[in-house]
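Residue strings, one per chain:
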There are 2 protein chains.
Amino acid sequence: MALFGSPGKLSGLLLRIGQCFSAAASIGFMVSAHGFFNSTAFCVNVRHATCSSIFQRELEEYMSRLFDCVNGDSSFMELWTCMSRFPCFEVTATLSLAAACSSAGVTVLYSRDLGYCRSPQIPCSHFKASILFAFISWFLLAVSSHVTFWLLAAV
Amino acid sequence: MALFGSPGKLSGLLLRIGQCFSAAASIGFMVSAHGFFNSTAFCVNVRHATCSSIFQRELEEYMSRLFDCVNGDSSFMELWTCMSRFPCFEVTATLSLAAACSSAGVTVLYSRDLGYCRSPQIPCSHFKASILFAFISWFLLAVSSHVTFWLLAAV
């Protein structure tokens, strides 16, 4: 079966490039914001975006190994070993969303509840741009993750 | 196929009861915290927990309708209509996680970064308990959602 975004297709490659680019943009905007390290949520966001862009190759490896196992004549134990690796991919997508949401919570607190964004010293526009790219990165990662899950279940 | 937590099984019922109880506990702890409405993230958390406990019946309905379609001799168009309903379930789980994470981000900002929790006027223990139950509720909802997705793909 060749779904949109499955490994080996052009759409799959574009999804990965998009993930990497969005994660890099998210890091860039956050690191260029003065004083971002004062908030734990923002630091966590940068850490997760860095992880998801650095470990792109690692994730790609997992996916291809998974499909080698599933498509080959593998025994039940081999298949189980493969499937036990899958959650890494799913967990990365969930952690990306968690990091983006906690940063979004803090930014909403700054801008709407505490009114800190009226002060020019707090670079809220950088925070917002960084969070936007973090959400885009999560969305693309979630699409890949769901396609893998669907293909794995449908084999 | 009868996976753990699939509809019609005792484990499925226990999952739903657990979701409902955790969502209710999350609302209870948050509403009993003085001044929770000053933070947008906390209000969003309460709103999503309320939605996910009130719409339990609605979700149950979606799930059973989905399985009626998939298990019956349905045409491609009918199957497509069913599948287009599925994202409601998935979206609820994702929104629950997003609400819990944004609240967690704000609580970490209060307790670690700004040190507000040292003041007895800010009920941080209530916030933390509410967030803990929101995460439990999300986890149980995510298990149900994945089981449905797996069964749907494997049919």
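Because the structure is a prediction, the values reported are computed rather than measured. (Residues numbered from 1 in each chain as written. Chains lettered and ligands numbered in written order. Predicted model: local features only at pLDDT ≥ 70, side-chain atom pairs only at ≥ 80, totals over all residues. Heavy atoms only, no water.)

Whenever I open this one, the overall build of chain A confuses me. Can you help?
Scanning chain A from N- to C-terminus turns up 6 helices and 0 strands. Across the 155 residues in chain A, those meeting the buried criterion constitute 48%. Put simply, 74% of the contacts in chain A that link residues at least 6 apart link residues at least 24 apart. Summing over all exposed atoms, chain A offers an accessible surface of approximately 7800 Å²; the carbon and sulfur share of this is 67%. (Helix = DSSP H or I, 4+ residues; strand = E, 2+ residues; numbered from the N terminus. Buried < 20%, exposed > 50% of the residue type's maximum accessible area, 1.4 Å probe, protein only. Contact = heavy atoms within 4.5 Å. Areas by Shrake-Rupley, 256 points an atom, 1.4 Å probe, with all protein chains shown as cover.)

Even after reading the chapter, I still don't get the nonpolar core, so can you show me in this structure?
Burial of nonpolar side chains together is a common tendency in soluble globular proteins. F42 and F127 of chain A together with F36, F42 and F127 of chain B are the most contacted members of the largest nonpolar core, which totals 26 residues. Those residues in contact with F36 of chain B that sit more than four places away from it in its chain are M30, V31, F42, C43, V46 and F127 of chain B. Judged by nonpolar contacts, the second largest core, of 10 residues, contains A98 and A142 of chain A together with L97 and C101 of chain B. (Core = buried A, V, L, I, M, F, W, Y, C linked by side-chain atoms within 4.5 Å.)

Got a minute to help me understand the interface of chain A and chain B in this structure?
Much of the literature gives interface size as the accessible area that the parts lose upon coming together. With 26 residues of chain A in contact, the opposing surface of chain B contributes 26 residues. When the two sides are added together, the surface that chain A and chain B hide from each other amounts to roughly 2100 Å², 75% of it contributed by carbon and sulfur. Of all residues in chain A, T40, F149 and W150 of chain A bury the most surface against chain B, accounting for 26% of the area lost on that side. Where chain A packs against chain B, one counts 0 salt bridges. Remark: the boundary between chain A and chain B carries 0 residue pairs in polar contact (both at pLDDT 80 or more). A total of 13 residues in the side of chain A that touches chain B trace back to one element, the largest contributor, which is helix α5 (residues 87-113) of chain A. (Buried area = accessible area lost by both parts, 1.4 Å probe. Salt bridge = Lys/Arg side-chain N within 4 Å of Asp/Glu carboxyl O. Polar contact = N/O pair within 3.5 Å; in protein donor to acceptor, adjacent residues only side chain to side chain.)

I'm lost on empty space enclosed by the protein in this one. Help?
Residue and element names in this part refer to chain B. Taken as a whole, this structure holds 4 cavities of 30 Å³ or more when the rule is applied. There is about 80 Å³ of room inside the largest cavity. Taken together, 10 residues line the largest cavity, and the ones lying closest to its centre are N45, A49, S96, A134 and S137. Elements that contribute at least two residues to the lining of the largest cavity include exactly α2 (40-54), α5 (87-113) and α6 (124-154). (1 Å grid on protein atoms, 1.4 Å probe; cavity = no way out; pocket = protein on both sides within 12 Å on 5 of 7 lines; lining within 4 Å. Points joined across faces, edges and corners; volume = space filled by probe spheres on them.)

Looking at this model, I keep getting lost on the environment of F36 of chain A. Mind explaining?
All names here are of chain A. Within the secondary structure, F36 sits in the loop between α1 (10-31) and α2 (40-54). What makes F36 buried here is its relative accessible area of 13%. A sequence separation of 75 residues divides F36 from S111, and the C-alpha atoms of the two residues are 15 Å apart.

What exactly am I supposed to notice about the state of the cysteines here?
Linking two cysteines covalently via their sulfur atoms produces the bond known as a disulfide. What the rule picks out here adds up to 2 disulfides over all chains. Paired through a disulfide, C117 of chain A and C124 of chain A show a sulfur-sulfur distance of 1.8 Å. Across the S-S bond linking C117 of chain A and C124 of chain A, the dihedral sits near -75 degrees, which makes this disulfide left-handed. For C117 of chain A, a relative accessible area of 23% translates into the label partly exposed. With no disulfide of its own, C101 of chain A lies closest to C101 of chain B among cysteine sulfurs, the gap being 5.4 Å. (Disulfide = S-S within 2.5 Å.)

Sorry, what's going on with helix α1 (residues 10-31) of chain B here?
Quick reminder: α-helices carry 3.6 residues per turn. Residues three or four places apart thus point the same way. Between its first and last C-alpha, α1 of chain B extends 32 Å over 22 residues, near the 32 Å set by a 1.5 Å rise per residue. All of the buried residues in α1 of chain B are S11, G12, L15, R16, G18, Q19, S22, A23, A25, S26, I27 and M30 of chain B. (Expected span 1.5 Å × (residues − 1).)

Could you clarify how one ought to interpret a nonpolar patch on the surface in this entry?
Residues L10, L13, L14 and I17 of chain A make up a contiguous nonpolar surface patch of about 420 Å² in total accessible area. Accessibility expressed as a relative area gives 61% for L10 of chain A, which makes it exposed. (Patch = residues over 30% accessible without salt bridge, like charges linked within 9 Å, V, L, I, M, F, W, Y side chains within 5 Å.)

Honestly, the packing of aromatic side chains in this entry has me stumped. Any pointers?
In this description, a pair of aromatic rings is defined by centroid distance and the angle of the planes. In total, this model carries 13 aromatic pairs over all chains according to the counting rule given. Judged by centre distance (5.8 Å) and plane angle (10 degrees), the ring pair of F29 of chain A and F133 of chain A falls under stacked. You can see F29 of chain A sitting in helix α1 and its partner F133 of chain A sitting in helix α6 (residues 124-154), a full 104 residues away along the chain. Accessibility expressed as a relative area gives 33% for F29 of chain A, which makes it partly exposed. Summarising the aromatic geometry, the rings of Y110 of chain B and Y116 of chain B are spaced 5.3 Å apart at their centres and angled 40 degrees between planes, so their arrangement reads as tilted. (Phe/Tyr/Trp six-rings, centres within 6.5 Å; stacked < 30°, edge-to-face > 60°.)

Please clarify how the relation of the copies chain A and chain B should be interpreted in this entry.
Two chain copies here: they are related by a rotation about an axis and a translation along the same axis. When chain A is fitted onto chain B, the two copies agree to an RMSD of 0.0 Å after a turn of 180 degrees and an axial shift of 0.0 Å. Expressed as an axis order, the relation between the two copies is that of a two-fold axis. Every residue of chain A has its C-alpha some distance from the rotation axis, and the shortest such distance is that of S102 of chain A, at 2.0 Å. Comparing interface residues between copies, 100% of those in chain A also sit at the interface in chain B, which points to an isologous, same-surface contact. (Least-squares fit on C-alpha atoms with pLDDT ≥ 70 in both.)

Explanation requested: the UniProt feature "transmembrane region" (unreviewed entry) in chain A in the structure shown.
Residue and element names in this part refer to chain A. Here the UniProt-annotated "transmembrane region" (unreviewed entry) positions come out as residues 12-37, 91-110 and 131-153. Structurally, residues 12-37 comprises 77% helix and 0% strand, and the distance from its first C-alpha atom to its last is 34 Å. Within the segment residues 91-110, helix and strand shares are 100% and 0% respectively, and the terminal C-alpha atoms sit 29 Å apart. (UniProt positions renumbered as here; feature names shortened; annotations may be inferred.)

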